[in-house]
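# An overview of the molecular structure
Here are the chains, one letter per residue:
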Amino acid sequence: MTLLDNVLAHNQRFVTDKQYEGFQTTKFPDKKVVIFTCMDTRLSQLLRSAMDINHGDAKFIKNAGAVISHPFGSVMRSILLAVYELKAEEVMVVGHHNCGMAGLEPGGIVEKAKERGVSSKTIETLEFSGIDVKSFLTGFNNVEESVRNSVKMIKNHPLLPETIPVHGLVISPDTGALDLIIDGY
Ligand SMILES: [Zn+2]
């Protein structure tokens with residue numbers, strides 16, 4: 001059985017047995033917060049438990065490294081949507097120690113892509129089209145600094161109300177311990 005088969009088989013039982021009943025909530029976050037964090041598997045449940053965020057409490061936005069690459073990209077749009085449409089009243093950016101984006105070498109990913117069949121020609125074509133493939137695939141050097149940058153970009157966004165606090169934190173993927181980087185109040 002493939003993973004997809006397993007997912008679908010489980011899902012049938014889940015719905016038939018009405019296991020969804022414990023999950024009823026609304027689209028509005030009970031704690032009126034939007035949390036922007038990393039996609040790291042170690043954080044999935046740990047972060048919620050370590051921060052006392054239960055099902056229905058928060059809007060979650062995740063990507064690699066909790067990095068906002070562009071002020072008018074999908075992360076920022078999601079934050080604005082959470083604030084204006086979903087009644088979020090504060091934002092928390094939560095980076096983490098030992099993040100895969102820390103010290104990510106762009107050349108390494110390009111090499112792996114080539115090994116997996118992406119031709120040098122394709123890379124060249126992208127670069128000729130003005131896409132800086134290497135900087136697109138670059139991580140950050142320091143997680144605290146990266147969190148500060150994300151907080152700054154959100155806080156200074158021209159479409160975000162000035163009254164919204166934006167906090168910056170770094171979590172340990174082992175213990176769940178939080179370091180406060182920026183208190184947005
Ligand atoms: Zn990470």
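Above this text is the structure in question.
Here is a short report on the structure shown in this document. From a predicted model like this one, the values you see are computed outputs, not experimental measurements.

## Thoughts on the coordination of the zinc ion
For the zinc ion, every protein donor is listed as Cys-38 (SG), His-96 (NE2) and Cys-99 (SG), and the spread of their distances is 2.0 to 2.2 Å. We note that the donor set of the zinc ion lies within a single chain, spaced as C-x57-H-x2-C. Of this pair, Cys-38 sits in strand E1 (residues 33-38) while Cys-99 sits in the loop between strand E3 (90-96) and helix H4 (106-115); the two residues are 61 residues apart in sequence, bridging distant segments of the chain. Of the residues examined, Cys-38 reaches a relative accessible area of 4% and is grouped as buried.

## What about the packing of aromatic side chains?
Evaluation of the coordinates by the stated rule reveals 1 aromatic pair. Taking the centre distance of 6.2 Å and the plane angle of 45° together, the rings of Phe-14 and Phe-23 count as tilted. Residue classification places Phe-14 among the partly exposed positions, given a relative accessible area of 22%. Cation over ring: Lys-87 sits above Phe-28, and NZ or CZ is 4.4 Å from the ring centre.

## Focus: the side chain of Glu-90
By secondary structure assignment, the location of Glu-90 is in strand E3. Although Glu-90 is buried, it forms no salt bridge, and the closest oppositely charged side chain is Lys-32 at an N-O distance of 10 Å. Polar contacts involving the side chain of Glu-90 include one to the side chain of Tyr-185, which spans 2.5 Å. Here Glu-90 is in contact with Lys-32, Val-33, Val-34, Ile-164, Pro-165, His-167 and Tyr-185, once residues within four sequence places are set aside.

## Some thoughts on the environment of Ser-172
Position of Ser-172 among the secondary structure elements: in the loop between strand E4 (166-171) and strand E5 (178-182). Its relative accessible area of 12% is what places Ser-172 among the buried residues. Put simply, Ser-172 and Gly-95 are 77 residues apart on the chain and 8.9 Å apart in space, counted from C-alpha to C-alpha. Dropping the residues within four chain positions of it, Ser-172 is found in contact with Leu-46, His-97 and Ala-177. Here Asp-174 takes part through its backbone nitrogen, which lies 3.1 Å from a polar atom of the side chain of Ser-172.

## Regarding the nonpolar core
In this structure, Ile-35, Ile-79, Val-94, Ile-154 and Leu-160 are the most contacted members of the largest nonpolar core, which totals 39 residues. Elements with a minimum of two residues in this core: E1, helix H2 (46-51), strand E2 (58-63), helix H3 (74-84), E3, helix H7 (143-155) and E4. The element contributing the most residues to this core is H3, with 6 residues. Excluding residues that lie within four positions of it along the chain, Ile-154 makes contacts with Ile-68, Met-76, Ile-79, Val-91, Val-93, Leu-160 and Val-166.

## With respect to the pairing of E2
Two elements, E1 and E2, share 6 bridges in a ladder whose sense is parallel. Across the sheet, residue Ile-35 finds its bridge partner in E2, namely Phe-60. Once the chain exits E1 it traverses H2 before rejoining the sheet at E2, and the crossover so formed is right-handed.

## Considerations on the side chain of Ser-150
Position of Ser-150 relative to the elements: it lies in helix H7. With relative accessibility at 4%, the residue Ser-150 sits in the buried group. A polar contact is formed between the side chain of Ser-150 and the backbone oxygen of Ala-66, at a distance of 3.2 Å. Not counting chain neighbours up to four residues away, the residues in contact with Ser-150 comprise Phe-36, Ala-66, Val-67, Ile-68 and Val-93.

About the cut-offs
- Residues numbered from 1 in each chain as written.
- Predicted model: local features only at pLDDT ≥ 70, side-chain atom pairs only at ≥ 80, totals over all residues.
- Heavy atoms only, no water.
- Donors = N, O, S within 2.8 Å, 3.2 Å for Na, K, Ca; no water.
- Helix = DSSP H or I, 4+ residues; strand = E, 2+ residues; numbered from the N terminus.
- Buried < 20%, exposed > 50% of the residue type's maximum accessible area, 1.4 Å probe, protein only.
- Phe/Tyr/Trp six-rings, centres within 6.5 Å; stacked < 30°, edge-to-face > 60°.
- Lys NZ or Arg CZ within 6 Å of the ring centre and 35° of its normal.
- Lys, Arg positive; Asp, Glu negative; His and termini not counted.
- Salt bridge = Lys/Arg side-chain N within 4 Å of Asp/Glu carboxyl O.
- Polar contact = N/O pair within 3.5 Å; in protein donor to acceptor, adjacent residues only side chain to side chain.
- Contact = heavy atoms within 4.5 Å.
- Core = buried A, V, L, I, M, F, W, Y, C linked by side-chain atoms within 4.5 Å.
- Pairing = 2+ DSSP bridges.
- Right-handed = clockwise from strand over helix to strand, strands pointing away.

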